[in-house]
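Survey of secondary and tertiary structure
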Amino acid sequence: MKNLREKCASPAFTSFLASISTIIIGLLFGYALLFALNAPNANTGMVAMLTNGFTSSNSFAKVLYQAAPLMMCGLSVGFAFKTGLFNIGAPGQYTMGAFVAILLATQFQMPWWICLLGAMVGGAVWGLFPGLFKALFNVNEVITSIMFNWIGMYLVNLIFANMPKTLANYWGSTNSDRTADLAKANPDAMIPKLGLDQLFDSTYMNISIFIAIAMAIVMYIVVNKTTFGYELKACGLNKNASQYAGINANRNIVLSMVIAGALSGIGGGLYYLAGTGQYVLEKAILARGFDGIPVALLANSNPIGTIFSALFVSYLSVGGSAMQPHFSTETVNIIVSVIIYLAAFSLLMRNMLTKAMKKKEEGKK
Amino acid sequence: MITLANVLSCTIVFAVPLLLVALGGMFSERSGVINIALEGIMVIGALAACFSLKAFDASGFGATNPQLAVFFAVLIAGACGVIYSLFLAFAAINLKADQTIGGTALNQFAPAFAVVITWAIQGQGQTQIQIPSWVRITSNTFGLGDLEQGFWSNLIFKYFYLTTPLAVVLLILAYVLMFRTKFGLRLRACGEHPQAADSVGINVYAMRYAGVMIGGFLGGVGGFAYTLAAGSTFASSVGGYGFLALAVMIFGNWNPWTILGGSFFFALFKVVASYSSIIPFLPTFEGVKSASNIYQMLPYIVTMILLIFTSKKSRAPKAEGIPYDKGTR
């Protein structure tokens, strides 16, 4: 019995409890909002959002399909957090990853695994800039990342517009504002499905979710079981102390951003190599990279936790589409943002939980 | 010449939101709170202002007193910006939470909330709010009648809204408040060394609240100014101008006059990008499709290059981003 109680007071358990309670508060807030906007349909809307992911194998496949890139962006943001860096550049790195993947797939007709490796490199390069600017010139990584999100978007639009083979209209479609449909342009570049699409009876299903989970496990090992991961965490906790202990902090900042960029880049590759989504040349930054931030925060930057938080956020957003026509899908974003807002002071909540538990224990004694 | 007048007029109208929002960020950061939520604050301000304009239009008040209605909309935008910024202040000051994360949450909340509210008020699938046509100041507003196209008339009246003269007033007010009053001195002290400020009896929490709230007011008004500049509808977005304003603020070294210069610099590049095909002396990049992307990239690249050279003498408030804890005094 004592063992169990000790476990309950452990930091891992309390942070798990803190995450669960922020999720519950976020959902309650969403329900209240639905009720305020359209009371008669609030119940059906909420039920649709919470159950839609399981109603058919197709929508479950969609949850897994969207979770994979989210997981990669979440891992990216979480990894940078471990080094004390806020990687708001995930959208740019994600875009660059998607760009290199699509370029290799359509213009150069490469197989999927080369495209995915290219995506990783593309993201890593875009992560390198904020890291270098921080290490060499002491420019805040948040501002560099924001600048490079925009530079990346315009650069990608510019290059796609000038490479006709990458665009859909080259491959017999009427659209010139989006990239080619991979099924027509280069079926070999699509991420293999291994028969999973028949099993789930859904075109969304492929092995990308397994790649993402494997990456999460690799990141867990890197962060928690290697000297490199230890150095990164030390830099994040106290840069001066770790430098005094002989850790090259600047090298770690650059490496951390490069790895974070590579992870987001893989996310972009996974999404656009699935063959179901086409990159649209737009004037707005892709939101999926930003969604990595709540995923990482919800998981408290723990790579294993990121697997579950990405699945959760993806599940909610698939559910959100079932809330139409009574409510817009953006309701899900509201719930997620409330959850992040609460996660911002999760430390406070965690302390409160630990205190409450200690009090209970003392009361029993 | 008419093209030049149009470009300049357009530059002014896009520089106004950048100027206002960057000034808002300056107040917040000078008090010690990083305000990454400016984008979200802009959306909330614009949303409130557009709905109030719609209401003024429906009641007939707007058509009879157009500029008074716009002035009220500005006040409403500012007030809603203040209210929304309180969420950031509460998390950052009272709960000592991570300021960038709290700001990110507010940025994500605002556009989603705007869409949901726009749906709820206007009906399903209606994601855009129409801005009434009477908001623009024309030559008729001054009783001048219809002017012919010309350099001066285009420069002044092509894109002229009440927010432009208001921005000039607010800029001067911001400078006076920040550098010529006791309040400004105290505010800056809280961003540089809150412990020292506290030890001489300044209430750091109150000053930081004031900084964030002034930032919220200017951010809300800036959001409204952006929607006026951007077109005739508001579609729950301010096109990344909040983030751009953050860059302008850093570029302007947290000083109102350099911020003014920075906002014109950014706005000019933005406008040149969209006018690039009809400006005669610019390189047209023969054979390159979508060459306007090159111009749109430029302000960001130039900012990065400038940051390399200026970061060594950057005058960022020393205590920004660090929650103030009385126990550390």
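The model shown is predicted, which means the values in this text are computed figures rather than measured ones.

About the thresholds
- Numbering of residues starts from 1 in every chain and runs along the sequence as written.
- Naming scheme: in the order in which they are written, chains are lettered from A and ligands are numbered from 1.
- Given that the model is predicted, a residue must reach a pLDDT of at least 70 before its local features are reported, and side-chain atom pairs must reach 80 or more before they are shown or counted; all residues, however, enter totals for whole chains, interfaces and linings.
- Side-chain measures here rest on the full set of heavy atoms in the structure, leaving out hydrogens and waters.
- Helix and strand assignments come from DSSP, with helices taken as H or I runs of at least 4 residues and strands as E runs of at least 2, each series counted from the N terminus.
- Per-residue accessibility, obtained with a 1.4 Å probe over protein chains only, is compared with the maximum for each type, and a residue is labelled buried under 20%, exposed over 50%, and partly exposed between these values.
- In what follows, a contact means two residues having at least one pair of non-hydrogen atoms within 4.5 Å.
- Our radius of gyration looks at C-alpha atoms and nothing else; its globule reference is 2.2 Å times the residue count to the power 0.38.
- Surface accessibility in these figures is a Shrake-Rupley result with a 1.4 Å probe; residues are shielded only by whichever protein chains are displayed.
- Charge assignment: positive for Lys and Arg, negative for Asp and Glu; neither His nor the chain ends contribute.
- Where a charge lies is defined by one atom per residue type: Lys uses NZ, Arg uses CZ, Asp uses CG and Glu uses CD.
- What counts as a ring pair is set by centres within 6.5 Å for rings of Phe, Tyr and Trp (its six-membered ring), and what kind of pair is set by the plane angle: stacked under 30 degrees, edge-to-face over 60, tilted for all other angles.
- Counted as salt bridges are all cases of a side-chain nitrogen of Lys or Arg within 4 Å of a carboxyl oxygen of Asp or Glu.
- Segmentation into domains, and thus their bounds, comes from an automatic or database assignment.
- As a working definition, buried area equals the accessible area (1.4 Å probe) given up by two parts on being put together, with both sides summed.
- Definition of a polar contact: a pair of N or O atoms within 3.5 Å, with one able to donate and the other able to accept a hydrogen when the atoms are protein atoms, and with sequence-neighbouring residues admitted only if both atoms are side-chain atoms.
- Within this analysis, patches are made of residues with over 30% relative accessible area and no salt bridge. Like charges are joined at 9 Å or less; nonpolar side chains (Val, Leu, Ile, Met, Phe, Trp, Tyr) at 5 Å or less.
- For the purposes of this section, nonpolar cores are sets of buried Ala, Val, Leu, Ile, Met, Phe, Trp, Tyr and Cys residues that join through side-chain atoms within 4.5 Å.
- Residue-level confidence of the predictor, termed pLDDT, takes values from 0 up to 100.
- The axes used here are C-alpha line fits, helices contributing only the stretch in contact, and every angle between their N-to-C directions lies in the interval 0 to 180 degrees.
- When an angle is under 35 degrees it counts as roughly parallel; over 145 it counts as roughly antiparallel; between 65 and 115 it counts as roughly perpendicular; any other value is oblique.
- By the definition used in this description, the sense in which the near helix is turned from the far one sets the handedness, with an anticlockwise turn below a right angle giving left-handed and a clockwise turn giving right-handed.
- In the scheme used here, Gly and all other residues not listed as nonpolar or charged are polar, with Ala, Val, Leu, Ile, Met, Phe, Trp, Tyr, Cys and Pro taken as nonpolar and Asp, Glu, Lys and Arg as charged.
- Each helix should span, by expectation, one fewer than its residue count multiplied by 1.5 Å.
- Bending is quantified residue by residue as the angle between axes fitted to the seven-residue window ending at that residue and the seven-residue window starting at it.

Here we look at the overall build of chain A
A tally of helices and strands in chain A yields 17 helices and 0 strands. Its C-alpha atoms give chain A principal-axis dimensions of about 75 × 60 × 35 Å. When each of the 365 residues of chain A is scored for burial, the buried share is 53%. Residue pairs at least 24 apart in sequence account for 75% of intrachain contacts in chain A once pairs closer than 6 positions are excluded.

So, the overall build of chain B
Across its full length, chain B carries 13 helices and 2 strands. Its C-alpha atoms give chain B a radius of gyration of 20 Å, near enough to 20 Å, the size a compact globule of 329 residues would have. Its C-alpha atoms give chain B principal-axis dimensions of about 65 × 50 × 40 Å. When the 329 residues of chain B are sorted by exposure, 56% land in the buried category. Within chain B, contacts between residues at least 6 apart in sequence are counted, and of these 78% link residues at least 24 apart. As displayed, chain B has an accessible area near 13200 Å², and 66% of this comes from carbon and sulfur atoms. For chain B, the separation between the mean place of its 18 positive charges and that of its 11 negative charges on side chains is 9 Å.

Here we look at the packing of aromatic side chains
As enumerated under the stated definition, the model contains 38 aromatic pairs over all chains in all. Between B:Phe109 and B:Phe113, the ring centres sit 5.3 Å apart and the planes meet at 20°, which makes this aromatic pair stacked. Residue B:Phe109 and its partner B:Phe113 are located together in helix α5 (residues 99–122), separated by 4 residues, close to a single helical turn. A relative accessible area of 14% places B:Phe109 in the buried class. Counting every residue linked through ring pairs, the aromatic cluster contains A:Tyr65, A:Tyr94, A:Phe99, A:Phe160, A:Tyr204, A:Tyr271, A:Tyr272 and A:Tyr279.

Re the pattern of salt bridges
Residues and elements named next belong to chain A. Counted by the stated rule, this structure contains 3 salt bridges over all chains. Ionic pairing is found between Lys 134 and Glu 141, a salt bridge with its closest N-O pair at 3.2 Å. One salt bridge connects Arg 251 with Glu 231, and the closest N-O pair in it is separated by 3.6 Å. Of the two residues, Arg 251 is situated in helix α13 (residues 249–273) and Glu 231 in helix α11 (residues 227–237); the sequence distance between them amounts to 20 residues. Residue classification places Arg 251 among the partly exposed residues on the basis of a relative accessible area of 43%.

Thoughts on the domain arrangement of chain A
Residues and elements named next belong to chain A. For chain A, the domain assignment lists domain 1 (1–38 + 327–365) and domain 2 (56–326). Each of domain 1 and domain 2 was reduced to a C-alpha centroid, and the two centroids are 28 Å apart. Counting residues at the interface gives 17 residues for domain 1, matched by 13 residues for domain 2. Across the interface of domain 1 and domain 2, roughly 1300 Å² is buried in total on both sides, 74% from carbon and sulfur atoms. The interface formed by domain 1 and domain 2 holds 0 salt bridges in total. Between domain 1 and domain 2 we count 0 residue pairs in polar contact (both at pLDDT 80 or more) in total.

As for a nonpolar patch on the surface
Residue and element names in this part refer to chain A. Side chains of Phe 13, Phe 16, Ile 20, Ile 24 and Leu 28 sit close together on the surface and give an oily, nonpolar patch of about 450 Å² of accessible area. By the secondary structure assignment, Ile 20 is in helix α2 (residues 11–37). The class for Ile 20 is partly exposed, based on a relative accessible area of 33%.

Let's talk about the environment of A:Leu167
All names here are of chain A. Structurally, the position occupied by Leu 167 is in the loop between α7 (141–161) and α8 (182–185). A relative accessible area of 8% places Leu 167 in the buried class. It is 29 Å that separates the C-alpha atoms of Leu 167 and Asp 201, two residues lying 34 residues apart in sequence. For Leu 167, the contacting residues outside a window of four places in its chain are Phe 160, Ala 161, Ser 176, Arg 178, Thr 179, Ala 180 and Leu 281.

Quick look at the interface of chain A and chain B
The partner chain B presents 48 residues to the 46 residues of chain A that form the contact. Looking at the side of chain A facing chain B, the largest losses of area belong to A:Met147, A:Tyr154 and A:Tyr341, adding up to 17% of the total buried there. Here chain A is connected to chain B by 0 salt bridges. Along the contact surface separating chain A from chain B lie 3 residue pairs in polar contact (both at pLDDT 80 or more).

Some points on the nonpolar core
If you look at the biggest cluster of nonpolar residues, it comprises 200 residues, and the most contacted ones within it are A:Leu270, B:Phe14, B:Leu53 and B:Phe224. In terms of residue count, the dominant contributor to this core is helix α1 (residues 2–30) of chain B (14 residues). Domain assignment of the residues forming this core places at least three in each of domain 1 (1–38 + 327–365) and domain 2 (56–326) of chain A. Those residues within four positions of B:Phe14 in sequence are excluded, and the remaining contacts are B:Tyr226, B:Ala229, B:Ala230, B:Tyr241, B:Ala267 and B:Val271. Core analysis: the second largest hydrophobic core is formed by 5 residues, A:Leu85, A:Ile253, A:Met257 and A:Ala260 among them.

A look at the side chain of B:Gln67
Residue and element names in this part refer to chain B. In this fold, Gln 67 is placed in helix α4 (residues 66–94). Among the residues examined, Gln 67 registers a relative accessible area of 16% and is labelled buried. At a separation of 3.4 Å, a polar atom in the side chain of Gln 67 contacts the main-chain carbonyl oxygen of Val 135.

Considering the confidence of the model for chain B
Mean pLDDT for chain B: 87, with 95% of residues reaching 70 or above. Scored as a complex, the prediction yields pTM 0.87 and ipTM 0.84.

Describing unusual backbone geometry
All names here are of chain B. Phi at Ser 236 is positive, roughly 60°, even though this residue is not glycine. Phi angles above zero are rare outside glycine, and Asn 253 is one such case at about 55°. Position of Asn 253 among the secondary structure elements: in the loop between α11 (241–251) and α12 (256–275).

Thoughts on α11(B)
Every α-helical turn comprises 3.6 residues, leaving residues that sit three or four positions apart pointing alike. Residue and element names in this part refer to chain B. The buried fraction of α11 amounts to 9 of the 11 residues, a majority that puts the element mostly inside the structure. The set of residues buried in α11 consists of Tyr 241, Gly 242, Phe 243, Leu 244, Ala 245, Leu 246, Ala 247, Val 248 and Met 249. The positive-phi residue at the C-terminal boundary of α11 is Asn 253, with phi of around 55°.

What about the side chain of B:Gln108?
Residue placement: B:Gln108 occurs in helix α5. A polar atom in the side chain of B:Gln108 sits 3.1 Å from the side chain of A:Asp291. Aside from chain neighbours lying at most four places away, what touches B:Gln108 is A:Asp291, A:Pro294, A:Asn333, A:Val336, A:Ser337 and A:Ile340.

Side note on the packing of α1(B) against α12(B)
Residue and element names in this part refer to chain B. In contact at an axis separation of 7 Å, α1 and α12 are set at 135° when each is read in the N-to-C sense. It follows from the interaxial angle that α1 and α12 lie oblique. Between α1 and α12 the crossing geometry is right-handed. Facing Asn 6, Val 7, Cys 10, Thr 11, Ile 12, Phe 14, Ala 15, Leu 18, Leu 19, Ala 22, Leu 23 and Met 26 of α1, the residues of α12 in contact are Pro 256, Ile 259, Leu 260, Ser 263, Phe 264, Phe 266, Ala 267, Leu 268, Val 271 and Tyr 275. Looking at the contact of α1 with α12, its residues break down into 19 nonpolar, 3 polar and no charged.

Examining α1(B)
All names here are of chain B. End to end, α1 covers 41 Å across 29 residues, agreeing with the expected 42 Å (1.5 Å per residue, within 8%). The sharpest bend along α1 reaches about 25° and sits at Ala 15, with the proline Pro 17 one to four residues further on. Across the 29 residues that make up α1, a large majority, 24, are buried.

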